[in-house]
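Reading the structure
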Amino acid sequence: MILGPMALQALQSSGVAFRKILSHFPEELSLAFAYGSGVYRQVGPSSDQKNAMLDFVFTVDDPVTWHSKNLKKNWNHYSFLKVLGPKIITTIQNNYGAGVYYNPLIMCNGRLIKYGVISTNSLIEDLLNWNNLYVAGRLQKPVKIIAMNENVALRSALDKNLKSAVTTAFLMLPESFSEEDLFIEIAGLSYSGDFRMVVGEDKTKVLNIVKPNIAHFRELYGNILQENPQVVYKIQHGRLEIDKSPEGQFTQLMTLPKTLQQQINHIMDPPGKNRDVEETLLQVAHDPDCGEVVRLGLSAIVRPSSMKQSTKGIFTAGVKKTVVYSSLKLHKMWKGWLRKTS
């Protein structure tokens, strides 16, 4: 089997410290990864890697069983919702927000961590269709894969998510651009319309993620770019050229994830017309503002899912932790603002 960039990262993961943290949790994980400023160096207010909170996502096939075991092992990780039991916790996880249940501000192995739990099926859905672009959005940026089982559907969906990110970014870029331009566009996909970018997150966040990690982005997307028939990838110069003809754009639009296509159709389809998606995409392919329409479609996915997930966080974290966590985020934003004005 040829290993894709995701799987290669899993092999290269040196993270003994991460695996030690993982040993505190029930083992049945189809995928576990760490992400954010505690894993990959960022510039700006998140640059203090040693003290940064470590962010994890655990993907589990059977959330009820997993939460049941985790409640026995780590009862104190949960908010007041723990008294409702694993079935209710799983219902809240699956049916509200973006399908993730977060426990933040946990001390584990001497590090402050936050971990989210998502079902394998929900993650595969999000990777393929971009229903929420929440965990799928995390996985469009470099992450440290700590555990991964041989789930062919999941591996295939991880790969499809990266290809979709490239195609979507192409539609929002000019005919010729740099690798950095592309990676900034990709890293920003899951922040389009995210209200946290207005309240709480540092505005230059996307730039801070990409700048020090160009090599990691190249590792993640290099093969996909070299194999894509629509792009000329001049690796030595770090430049790319794409087909911006209506035909080229139509081909790209037709391969976008289903939810994004539906949102574009919803934006462009005047009331009473009820055109099918293909017809709308053909019109968008000829539109000089094609990139802007795609961006609006992304916002229509990200905005509601980020708001619902943050609201859900108040209950899953509990009020006290929510206040502490929010103040940490605002402090980071304030530091970023002071750095820019000084």
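Report on the accompanying structure. (Residues numbered from 1 in each chain as written. Predicted model: local features only at pLDDT ≥ 70, side-chain atom pairs only at ≥ 80, totals over all residues. Heavy atoms only, no water.)

1. Quick look at the overall build of the protein chain
Filter applied, for reference: Starting at the N terminus, helices and strands are each numbered in turn, a helix being any DSSP run of H or I of at least four residues and a strand any DSSP run of E of at least two. Exposed residues in this analysis have more than 50% of their type's maximum accessible area, buried residues have under 20%, and partly exposed residues fall in between, with area computed by a 1.4 Å probe over protein chains only. We call two residues contacting when some pair of their heavy atoms lies within 4.5 Å.
A count of helical and extended segments in the protein chain gives 15 helices and eight strands. Taken across its 342 residues, the protein chain has 54% of its residues classed as buried. Intrachain contacts of the protein chain at a sequence separation of at least 6 include 70% that bridge at least 24 residues.

2. A few points about the pairing of strand S2 (residues 54-60)
Regular strands show a simple pattern: their side chains alternate between the two faces of the sheet. We count it as follows: Criterion used throughout: strands pair if DSSP finds at least two bridges between them.
Of all seven residues making up S2, seven are buried, and the element is well covered by its neighbours. Side chains of S2 alternate between two faces, with Leu-54, Phe-56, Phe-58 and Val-60 and Asp-55, Val-57 and Thr-59 buried alike. Across five bridges, the pairing between strand S1 (residues 31-35) and S2 is antiparallel. Across the sheet, Ala-34 pairs through a bridge with Phe-56, a residue of S2. Relative to strand S4 (residues 111-119), S2 runs parallel, the two sharing seven bridges. Paired with Val-60 across the two strands is Ser-119, which belongs to S4.

3. Examining the packing of aromatic side chains
Test applied: For this analysis, a ring pair means two rings from Phe, Tyr or Trp (six-membered ring only for Trp) whose centres lie within 6.5 Å, classed as stacked if their planes differ by under 30 degrees, edge-to-face if by over 60, and tilted for the remaining angles.
A complete count under the given rule lists 12 aromatic pairs for this structure. Each ring, one from Phe-25 and one from Trp-66, has its centre 6.4 Å from the other, and the planes form 10°; the classification is stacked. Pair noted here: Phe-25 is in the loop between helix H2 (16-22) and S1 and Trp-66 is in helix H3 (residues 63-73), with a separation of 41 residues, a long-range link. In terms of burial, Phe-25 and Trp-66 fall into one category: buried.

4. Regarding helix H5 (residues 120-129)
Within H5, the full set of buried residues consists of Thr-120, Leu-123, Ile-124, Asp-126, Leu-127 and Asn-129. Immediately beyond the C-terminal end of H5, within one or two residues, lies Trp-130, with a positive phi of roughly 60°.

5. Quick look at helix H7 (residues 152-171)
Here is the rule: Expected helix span is taken as 1.5 Å per residue step, with the number of steps being one fewer than the number of residues. We call two N or O atoms a polar contact when they sit within 3.5 Å, provided that within protein one can donate a hydrogen and the other can accept it, with sequence-adjacent residues counted only if both atoms are side-chain atoms.
Here H7 is 20 residues long and its end C-alpha atoms lie 29 Å apart, about the 28 Å a rise of 1.5 Å per residue gives. Counting buried positions along H7 yields 14 of 20 residues, so the element is predominantly enclosed. Where H7 begins, one side-chain oxygen reaches toward the backbone nitrogen of Ala-153, 3.1 Å away; that side chain belongs to Asn-151.

6. Some points on the sheet that holds strand S6 (residues 176-178)
Using the following cut-off: The axes are straight lines fitted to the C-alpha atoms, using for helices just the contacting stretch, and the angles between their N-to-C directions are given from 0 to 180°.
The strand order across the open sheet built from three strands is S6-S8-S7, with neighbouring strands paired in antiparallel fashion. The open sheet has two free edges, formed respectively by S6 and strand S7 (231-234), since each of these has just one partner strand. When the angles between neighbouring strand axes are averaged without regard to direction, this sheet yields 20°. Where S6 lies against strand S8 (residues 239-242), three bridges are found, and the strand directions are antiparallel. Note on S8: the bridge partner recorded for Ser-176 is Glu-241.

7. A word on the pattern of salt bridges
What counts here: By convention in these notes, a salt bridge is any Lys or Arg side-chain nitrogen within 4 Å of a carboxyl oxygen on Asp or Glu.
Counted under the stated rule, the structure contains 10 salt bridges. Note that Arg-155 and Glu-150 form a salt bridge whose closest N and O atoms lie 3.5 Å from each other. Taken together, the shared-partner salt bridges connect Glu-185, Glu-292 and Arg-295 into one network.

8. Regarding the sheet that holds S1
Taken together, the five strands give an open sheet; going across it, the order is S3-S4-S2-S1-S5, and neighbouring strands pair in mixed fashion. In this open sheet, the two strands that pair with only one neighbour each are strand S3 (100-108) and strand S5 (144-148). Adjacent strand axes in the sheet meet at a mean angle of 20°, parallel and antiparallel pairs treated alike. Direction of pairing for S3 relative to S4: antiparallel, over a ladder of seven bridges.

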